[in-house]
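Analysis of the macromolecular model
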Amino acid sequence: MIRFLIKGLLRDRSRSLFPVMVVAIGVALTVLLQSWINGVMSDMIRSNANYSTGHIKLTTRAYAANEEQNPNDLALLDAGPLTDRLQKKYPGLHFVSRIRFGGLLDIPDEQGETREQAPVAGLGIDLLSPGSTEADRLNIRKSIIRGRMPEKPGEVLVSEDLARKLAVGPGRAATVLGSTMYGSMAMHNFTIVGTVRFGIAAMDRGAMVADLDDVRRMLDMEDTAAELLGYFDDGQYRDTAAVRIVAEVNAAVDNPTDEFAPVMRALRDQNDLAEYLDLAKNMTRIISGVFVVAMSIVLWNLGLIAGLRRYGEIGVRLAIGEQKGHIYCSMLLESVAVGLLGTLAGIAVGLIPAWYLQEYGVDIGAMMDNSSMMISSVMRAQITVQTFLIGFVPGLLSTVLGTALAGTGIYRRQTSQLFKELEV
Amino acid sequence: MKKQLLIPFALLTCGAFAQTPSGHSILEKVDANMTSETSITTSKMIIHGRRVSRTIESRSWSTGADNAFTEYLAPARERGTKMLKLGDRLWMYSPDTDRTIQLSGHMLRQSVMGSDLSYEDMMDDPRLAQIYAAEIVGTEAVEERPCWVLQLTANEQDVAYQSRKLWVDQERYVPVREELYAKGGKLLKRINLSGFKRIDERWYPMRMVFKDMLKNGKGTEFIVATIEFNAEIPSHILTKAALRR
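All figures in this text were calculated on a predicted structure; none of them were measured in a lab. (Residues numbered from 1 in each chain as written. Chains lettered and ligands numbered in written order. Predicted model: local features only at pLDDT ≥ 70, side-chain atom pairs only at ≥ 80, totals over all residues. Heavy atoms only, no water.)

1. Section: the overall build of chain B
Note the threshold: A run of H or I in DSSP counts as a helix once it spans at least four residues, and a run of E counts as a strand once it spans at least two, with each numbered from the N terminus. Whether two residues are in contact is decided by their heavy atoms, any of which lying within 4.5 Å being enough. In this description, accessible areas are obtained by the Shrake-Rupley approach with a 1.4 Å probe, and a residue is regarded as covered only by the protein chains that are shown.
When you go through chain B residue by residue, the secondary structure sums to 5 helices and 13 strands. Oriented by its inertia axes, the alpha-carbon framework of chain B measures out at about 85 × 40 × 35 Å. Sequence separation of at least 24 residues holds for 46% of the intrachain contacts in chain B that already meet a minimum separation of 6. Accessible surface for chain B amounts to roughly 12,400 Å². Of this, 52% is attributable to carbon and sulfur atoms.

Have a look at this one:
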């Protein structure tokens, strides 16, 4: 029976080629769209987590309320013991301290006088401890344009754009002028050892990265941390687990009115990411749903057209005594074959541009000159297991559904009328 | 009868106008008290932050309205830090880095050492009568002393505060309270002046409490320990070479 149906499909191209093409195009578009949206959304979540929010973040309440101002005077004290306690309680998370600061990067001339200067957004991370994962988390090693990674205290990286603006390169001395945790003037000499392109417009404009201990010394912040970020060991953000941990930690804080008491926030609670996460979570379902509906309408019409074209054939089959249910089932089986073939072809076709977009991406840096969002300036697709699977459900489902809807016409045919119809 | 009533009323009115000086003349008298050709000041700044309070001691030399040199004396972390302001340029020297860094433009409006004072507040000695047009908008008693309330509007665009409100002691011609406003009318700072002391022929406030209205802190007390007016200042002090000395 199946062999008979396949032969019929192969010999009658209007029953096979056209429907397969329609399904393949739809599935290819779905695959491309899913991988693109998946890539863009994952990238935004990853960028935010790695550079800004962590999977969870611990700060003081007062710091959290004014976070955009980098208020280091409101930093967490006794960061070391606090980190140890959290690490012991949540072994599946890895906690790191960070300090952000604003200041002026001053480049001296040969006489030690100011030659150039520019505002700088500084980030203090653990660069020098053996086994530190921070440089890899921020993908700094691979992002170095000139020079090398800091290897000893006093060495820093600056963004390539800032370095060009100040006309400096690796090996140049620079002084950072900022404010200590207590508001005093902080001046510290550094050596620029490398330039970096972070791929995030907000950082490429004017960021510098220094070792956390250097920043602590400069800002008079020994054993303090502006932010304690926690990351799940596998690097993947797990919303439910993060929300549970946040609730546990916050419930354990003794004094809810103390503005310097620690407060924990999950990634979803920061940078307005909650809606975004929910959207990302439902995006696959939304795409599948839209595709199923759209393709169903297309294939329903296709089925109707095919039904009309095969009006005579179905009539003859009914007239020679074939059961309506048998004809209906054979049409459904045909559509399964068409759907399967179209889906496979569509996945293969859709994966080609998806792979290209994953590897090379689309550079939107020119549109993000003034952006302060933690998103990559190169938008990329991301191919996952879901990308391979997503085409199957709508590709098969909508084809079968369309045929099922169109095929109901079979049951409206009256045997008594058939011979009269076939005479025409 | 009407004439008999009108004459004393007219005389009274004329007398009142004769007694109330103009806003400009009040400002000139305020300037005469608050500014000088040169001054040498030793001061203490108590910065009340959200977490801790800090005390910073410094010594300043200033000439005219725009040139000043400040050396920080305490605490240990700040000792030896120096600032030189010549016109609209400001240099800072830190002994830890042995670097002299120039600040200009909007950086001059940043906070000094986390206080409620900006570099301009700290190092400028503005002649108000030259920069602002003054209008008397009322009278009010502050600390039981009658004061004129003056509304000051800047004559030029490039000033730190486009308008000010000044409560001026009617007897001593010193400001007892001041409010500093941005161009859009937003209140930026409030200053309460007290501890007035007679020095030579002038009255001078030995304690000023600055409150930056855009900050959450509890304000900064600026206490003048000693002040000499029109003292001779060696010319080498107000030079960049003095920063490293």
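2. Quick word on helix α4 (residues 79-89) of chain A
Residues and elements named next belong to chain A. The criterion, for reference: Burial classes: relative accessible area under 20% of the type maximum marks a residue as buried, over 50% as exposed, and values in between as partly exposed (1.4 Å probe, protein chains only). The arc in question is the one traced by the directions running from the helix axis out to the C-beta atoms.
Buried within α4 are the following residues: A79, L82, T83 and L86. Angular distribution of buried residues about the axis of α4 spans 100 degrees; they occupy a single face of the element. Across from the buried face of α4, at angles greater than 90 degrees, the exposed residues are D84, R85 and K88. Lining the buried residues of α4 we find β1 (56-60), β2 (93-108), α9 (212-218), β9 (227-232), α10 (239-252) and β10 (262-266).

3. Brief notes about a negative patch on the surface
We apply this condition: Patch members must show over 30% relative accessible area and no salt bridge, and they are joined within 9 Å when carrying like charges or within 5 Å when they are nonpolar side chains of Val, Leu, Ile, Met, Phe, Trp or Tyr. Whenever Lys or Arg places a side-chain nitrogen within 4 Å of a carboxyl oxygen from Asp or Glu, that contact is recorded as a salt bridge. Positive: Lys, Arg. Negative: Asp, Glu. His and the chain ends are not part of the count. In this description, the location of a charge corresponds to atom NZ of lysine, CZ of arginine, CG of aspartate or CD of glutamate.
Together, B:D66, B:D88, B:E156 and B:D158 make up a region of like negative charge exposed at the surface. Structurally, B:D88 is set in the loop between β4 (82-86) and β5 (89-94).

4. With respect to the pairing of strand β3 (residues 67-74) of chain B
All names here are of chain B. Stated formally: Pairing between two strands requires that DSSP report at least two bridges joining them.
In this sheet, β3 lies alongside strand β2 (residues 53-63) in antiparallel orientation, the contact comprising 7 bridges. Note that in β3 the partner of W61 across the bridge is F69. Hairpin connection of β2 to β3: 3 residues between the antiparallel strands, including G64 at a positive phi of 65 degrees. Taken together, the 4 bridges between β3 and β4 define a ladder with antiparallel strand orientation. Bridging across to β4, T70 finds its partner in M83.

5. Re the packing of aromatic side chains
Here is the rule: Aromatic contacts are taken between Phe, Tyr and Trp rings whose centres are within 6.5 Å, Trp giving its six-membered ring; a plane angle under 30 degrees counts as stacked, one over 60 as edge-to-face, and the others as tilted. Charges are assigned to positions over rings by a cutoff of 6 Å between ring centre and Lys NZ or Arg CZ, combined with an angular limit of 35 degrees from the ring normal.
Under the counting rule described, the total for this entry stands at 6 aromatic pairs over all chains. Ring plane angle 40 degrees and centroid distance 4.9 Å describe the contact between A:Y356 and A:Y360, whose orientation is recorded as tilted. Here the aromatic cluster, defined as three or more aromatic residues joined through ring pairs, consists of A:W355, A:Y356 and A:Y360. Its guanidinium or amino end placed over the ring of B:W203, B:R172 lies 4.1 Å from that ring's centre, counting from NZ or CZ.

6. Remarks on the pattern of salt bridges
Residue and element names in this part refer to chain A. One pass over the structure, following the stated rule, counts 33 salt bridges over all chains. Notably, a salt bridge pairs D136 with R141, separated by 2.7 Å at the nearest N-O pair. Of the charged contacts, one joins E151 and R148 as a salt bridge, the two residues approaching to 3.7 Å between their closest N and O atoms. Given the relative accessible area of 31%, R148 is considered partly exposed. Ionic contacts of the salt-bridge type, sharing partners, join the residues K57, E67, R100, E227 and R265 into one network.

7. Here's the deal with the interface of chain B and chain A
Stated precisely, the cut-off is as follows: Accessible-area loss on putting two parts together, using a 1.4 Å probe and summing over both, is the definition of buried area adopted here. Whenever two N or O atoms come within 3.5 Å, that pair is a polar contact, provided that in protein one can donate a hydrogen and the other can accept it, and provided that, for residues adjacent in sequence, both atoms are side-chain atoms.
Taken together, the 22 residues of chain B in the interface contact 30 residues of chain A. With both sides pooled, the region where chain B packs onto chain A buries about 2,200 Å², and carbon together with sulfur makes up 50% of that total. Of all residues in chain B, B:R50, B:R51 and B:R99 bury the most surface against chain A, accounting for 35% of the area lost on that side. At the boundary of chain B with chain A, the tally comes to 4 salt bridges. In this structure, the salt-bridge partner of B:R77 is A:D220, at a minimum N-O distance of 3.8 Å. Linking chain B to chain A there are 15 residue pairs in polar contact (both at pLDDT 80 or more). With 5 residues, strand β6 (residues 99-103) of chain B is the single largest residue contributor to the side of chain B that touches chain A.

8. Observations concerning unusual backbone geometry
The linkage connecting B:A74 with the following residue, B:P75, adopts the cis geometry, with an omega of 0 degrees. Residue position: B:P75 is located in the loop between β3 and β4. One non-glycine residue, A:N139, adopts positive backbone phi at about 55 degrees. You can see A:N139 is positioned in the loop between α5 (134-137) and α6 (140-143). One non-glycine residue, B:D98, lies in positive phi territory at about 55 degrees. Using a relative accessible area of 39% as the deciding quantity, one classes B:D98 as partly exposed.

9. Considering the confidence of the model for chain A
Condition: Confidence scores per residue from the predictor, reported as pLDDT, run from 0 to 100.
The predicted model of chain A has a mean per-residue pLDDT of 85, with 89% of residues at 70 or higher. Of all helices and strands in chain A, the one with the weakest mean pLDDT is helix α16 (residues 415-423) of chain A (65), whereas strand β5 (residues 155-159) of chain A scores best (97).

10. Here we look at helix α12 (residues 311-319) of chain A
Owing to its 3.6 residues per turn, the α-helix brings residues three or four apart onto one side. Residues and elements named next belong to chain A. What α12 keeps buried is the set I314, G315, R317 and L318. The arc enclosing the buried residues of α12, seen along the axis, measures out at 165 degrees, which places them on a common side. Note on α12: the residue one or two positions beyond its end, G321, has a positive phi of about 105 degrees.

11. Some details on the confidence of the model for chain B
The predicted structure's coordinates, where accompanied by low pLDDT, should not be read in detail. Mean pLDDT over chain B stands at 87; residues scoring 70 or higher make up 92%. This stretch, residues 1-18 of chain B, has a pLDDT under 50; its non-local contacts, to residues over four places away or in other chains, come to 0 contacts.

12. Looking at the pairing of strand β13 (residues 220-229) of chain B
Look at any regular strand and the pattern is simple: side chains alternate between the two faces of the sheet. Relative to β13(B), strand β1 (residues 38-48) of chain B runs antiparallel, the two being bridged by 9 bridges. Across the sheet, B:M45 pairs through a bridge with B:F222, a residue of β13(B).

13. Notes on the environment of A:L76
Residue and element names in this part refer to chain A. Looking at where L76 falls in the secondary structure, it is placed in the loop between α3 (61-65) and α4. Judged by relative accessible area, which is 3%, L76 ranks as buried. A sequence separation of 33 residues divides L76 from D43, and the C-alpha atoms of the two residues are 29 Å apart.

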